[in-house]
Amino acid sequence: MSSAYLQCIEESCGKRPAPRDEETTCAQCGGLFEVRYEFEPFDVEALRRAWHQRRLSGEPIDRSGVWRFRELIPFVEPGDRVISLSEGSTPMVGTRRAGWWAGPIHLTIKHQGNNPTGSFKDLGMTACITRAVARGVKMVACASTGNTSSSMAAYAARAGLKALLFVPYRQISAAKLAQALDFGATVVEVGDTFDQAFKLLREIAPEMGLYLVNSINPFRIEGQKTIVVEMMEQRAWRPPDFIVVPGGNLGNASAIGKGLRELKEMGFIAKVPRVVVVQAEGANPFYRLMRDGDAELRPVEKPSTEATAIRIGKPANWKKARRVLEWTGGLAESVTDEEIFEAKTLLAEDGVGCEPASAATVAGIRKLVRAGKIERHADVVAVLTGNQLKDTEYVMRHSAASEANPQRLSVEPTLEALRAALSKHDLVPA
Ligand code: F0G
């Protein structure tokens, strides 16, 4: 049997918490924990075949794109209840226009918007809520820019736990808020930024006995890392040159890097793709950290971007993410809201919808190709983190009905007026 333990990531500390200790922050040094394993020896080929075989199984645990790879997340004890909504198993979709526009490169989309609550957060949440239930937790909490909230609310409902969300006042999309309410969570609007809400939650959690499921919870990272296992399986275990993600609190980049490292160490892949983190210009402290080679992150006090999911000025996982860029020879990039909009439009031309934060990936790739940091014709996977329907206000704002917008016409309800309008705008088949 493989075994799991937690360890503080700070090299000068390395504390291993006792079983009843808090699991998100090291009491000794304030650092983050990560889950480490003593893996039993693997037969790589046999495991690949077993994972493949499970795709044909009707068992809920096998149908989950996280738990199908359970040998790589062996922190669940026999008898533990696994809280799953059949997350993962998301598609890989090739692109034409977006790949041409951003490169030319071979651009494939790994679409995490096809998850039960519409974002990549479900991969981490199934792992984290499973852990919470095993620990006897009755109530979970998070601060969020929206997607973590929807996901936590769904998995908490499934597990029969109370869910408490802290969100910045009027700063998250209506669709995400509605999901959380629909799943029965309690929503506390507090502060002007995610960072403020998150700081308050971290301060109040210990005295209120709240179990945090933000990505500082190391079990979130374990669930999220399975995205690369699934991705490599979908690619017949041939790694791409680059894997590109948008960066907010930097849990996803940390998880992807950890997953890749473990896959390489265990012999599932022969080379490690370079991990690229793309941030929005108004919320890009990690990009600046990497660009300037600073020792410490300098937070952005008033983060701003229309991509509300990644409007974060002080990412909690920056040390883990920096380690990932170092391990993989990765890159960080920063893009404007205009560039994000353009990339989102190009993806839509390929029939691929996503929320704005996700499109930052493709905007970042374009910049990096232009700068010669990603080679033309490179094999690149962009992780689209959230579904198109997560932020419809964004699309509606950008396509307001006006005389100048031939996509949204307002016409008198008469045949003459309709005939005139359709002819004027060339809306007749050639
Ligand atoms: N893309 C989307 C759609 C997100 O919702 C997030 C983060 C990110 C990218 C960034 O991922 O934090 O792992 O670097 N959303 C969090 C939330 C913060 O609360 O939903 P990250």
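In this text, all values refer to a predicted model and were calculated from it rather than measured experimentally.

### Quick notes on the overall build of the protein chain
Thinking step 1. Regarding its fold elements, the protein chain presents 15 helices and twelve strands.
Thinking step 2. Taking 430 residues into account, the globule formula puts the C-alpha radius of gyration at 22 Å, and the protein chain, at 22 Å, falls close to it.
Thinking step 3. Projected onto its principal axes, the C-alpha coordinates of the protein chain cover approximately 75 × 50 × 45 Å.
Thinking step 4. A burial count over the protein chain gives 56% of its 430 residues as buried.
Thinking step 5. Taking all contacts inside the protein chain whose residues are at least 6 apart in sequence as the whole, residues at least 24 apart take part in 70%.
Thinking step 6. Split by element, the accessible area of the protein chain, about 18,800 Å² in all, is 51% carbon and sulfur.
Thinking step 7. Considering the protein chain, the positive charge centre built from 55 side chains and the negative charge centre built from 52 side chains are found 2 Å apart.

### Notes on the sheet that holds strand β6 (residues 162–167)
Thinking step 1. Read across the sheet, four strands follow the order β7-β6-β5-β8 without closing on themselves; strand pairing throughout is parallel. Looking at the sheet topology across the chains shown, the edges are occupied by β7 (186–189) and β8 (211–212).
Thinking step 2. Sheet analysis places β6 next to β7, joined by four bridges and oriented parallel. Bridge pairing in β7 places Phe166 opposite Val188.

### Examining the site of the ligand
Thinking step 1. Near the ligand there are 20 residues, and of these Ser144, Gly248, Asn249, Leu250 and Thr385 occur at the shortest range.
Thinking step 2. Between the ligand and Gly251, the relevant distance is 3.0 Å, taken from an oxygen atom to a main-chain nitrogen or oxygen of the residue.
Thinking step 3. Protein coverage of the free-state accessible area of the ligand, which is 480 Å², stands at 98%.
Thinking step 4. Elements that contribute at least two residues to the shell around the ligand include exactly α5 (147–159) and α9 (251–265).
Thinking step 5. Residue composition of the shell around the ligand, grouped by class: seven nonpolar, eleven polar and two charged.

### Thoughts on the sheet that holds strand β11 (residues 331–335)
Thinking step 1. Pairing is mixed in the open sheet, where six strands are placed in the order β3-β4-β12-β9-β10-β11. The outermost strands of the open sheet, each flanked by one partner alone, are β3 (92–94) and β11. Mean inter-strand twist for the sheet, computed between neighbouring axes without regard to direction, equals 25°.
Thinking step 2. Here strand β4 (residues 106–111) pairs with strand β12 (residues 379–384) via six bridges, running parallel. The partner of His106 across the bridge, within β12, is Asp379.
Thinking step 3. Across the face of the sheet, helix α8 (residues 218–234) comes into contact with β3, β4, β9 (242–246) and β12 while running at roughly 130° to β4.
Thinking step 4. Lying over the sheet, helix α11 (residues 318–328) contacts β10 (274–280) and β11, oriented at roughly 140° with respect to β10.

### Quick look at the packing of helix α10 (residues 285–292) against α11
What describes two packed helices is the angle between their axes and the distance between those same axes.
Thinking step 1. The interhelical angle for the contact between α10 and α11, taken along N-to-C directions, is 50°, at an axis separation of 11 Å. When the axis of α10 is compared with that of α11, the two are oblique. Considering the relative orientation of α10 and α11, their crossing is right-handed. Between α10 and α11, the residues in contact are Phe286, Leu289 and Met290 and Trp318, Ala321, Arg322 and Leu325, respectively.
Thinking step 2. In terms of residue class, the contact of α10 with α11 is built from six nonpolar, no polar and one charged.

### Notes on a nonpolar patch on the surface
Thinking step 1. A cluster of nonpolar side chains, contributed by Leu409, Val411, Leu415, Leu418, Leu422, Leu427 and Val428, occupies part of the molecular surface with about 560 Å² of accessible area.
Thinking step 2. For Val428, the location among the structural elements is in the segment after α15 (415–424).

### Quick notes on the side chain of Ser334
Thinking step 1. Mapped onto the elements, Ser334 comes out in strand β11.
Thinking step 2. For Ser334, the side chain forms a polar contact with the side chain of Asn284, separated by 3.0 Å.
Thinking step 3. The residues contacting Ser334, other than those within four sequence positions of it, are Gln279, Ala280, Glu281, Asn284, Tyr287, Glu339 and Lys367.

### As for the domain arrangement of the protein chain
Thinking step 1. For the protein chain, the assigned domains are domain 1 (1–36) and domain 2 (92–118 + 220–395).
Thinking step 2. Listed as interface residues are six residues of domain 1 and, on the opposing side, seven residues of domain 2.
Thinking step 3. Summing both sides of the interface, domain 1 and domain 2 together bury roughly 570 Å²; the carbon and sulfur share of this comes to 51%.
Thinking step 4. On the surface where domain 1 and domain 2 come into contact, there are two salt bridges.
Thinking step 5. Among the salt bridges present, the one from Arg323 reaches Glu34, with a minimum N-O distance of 2.8 Å.
Thinking step 6. Counting across the interface, domain 1 meets domain 2 through four residue pairs in polar contact (both at pLDDT 80 or more).
Thinking step 7. Among the residues making up the side of domain 1 that touches domain 2, the classes are represented as four nonpolar, no polar and two charged.

Conventions adopted
- Residues numbered from 1 in each chain as written.
- Predicted model: local features only at pLDDT ≥ 70, side-chain atom pairs only at ≥ 80, totals over all residues.
- Heavy atoms only, no water.
- Helix = DSSP H or I, 4+ residues; strand = E, 2+ residues; numbered from the N terminus.
- Rg over C-alpha atoms; globule rule 2.2 N^0.38 Å.
- Buried < 20%, exposed > 50% of the residue type's maximum accessible area, 1.4 Å probe, protein only.
- Contact = heavy atoms within 4.5 Å.
- Areas by Shrake-Rupley, 256 points an atom, 1.4 Å probe, with all protein chains shown as cover.
- Lys, Arg positive; Asp, Glu negative; His and termini not counted.
- Charge placed at Lys NZ, Arg CZ, Asp CG, Glu CD.
- Pairing = 2+ DSSP bridges.
- Near = heavy atom within 4 Å.
- Polar contact = N/O pair within 3.5 Å; in protein donor to acceptor, adjacent residues only side chain to side chain.
- Nonpolar A, V, L, I, M, F, W, Y, C, P; charged D, E, K, R; others polar.
- Axes fitted to C-alpha atoms, helices over the stretch in contact; angles between N-to-C directions.
- Parallel < 35°, antiparallel > 145°, perpendicular 65-115°, else oblique.
- Left-handed = near helix turned anticlockwise from the far one by under 90°.
- Patch = residues over 30% accessible without salt bridge, like charges linked within 9 Å, V, L, I, M, F, W, Y side chains within 5 Å.
- Salt bridge = Lys/Arg side-chain N within 4 Å of Asp/Glu carboxyl O.
- Domains from an automatic or database assignment.
- Buried area = accessible area lost by both parts, 1.4 Å probe.

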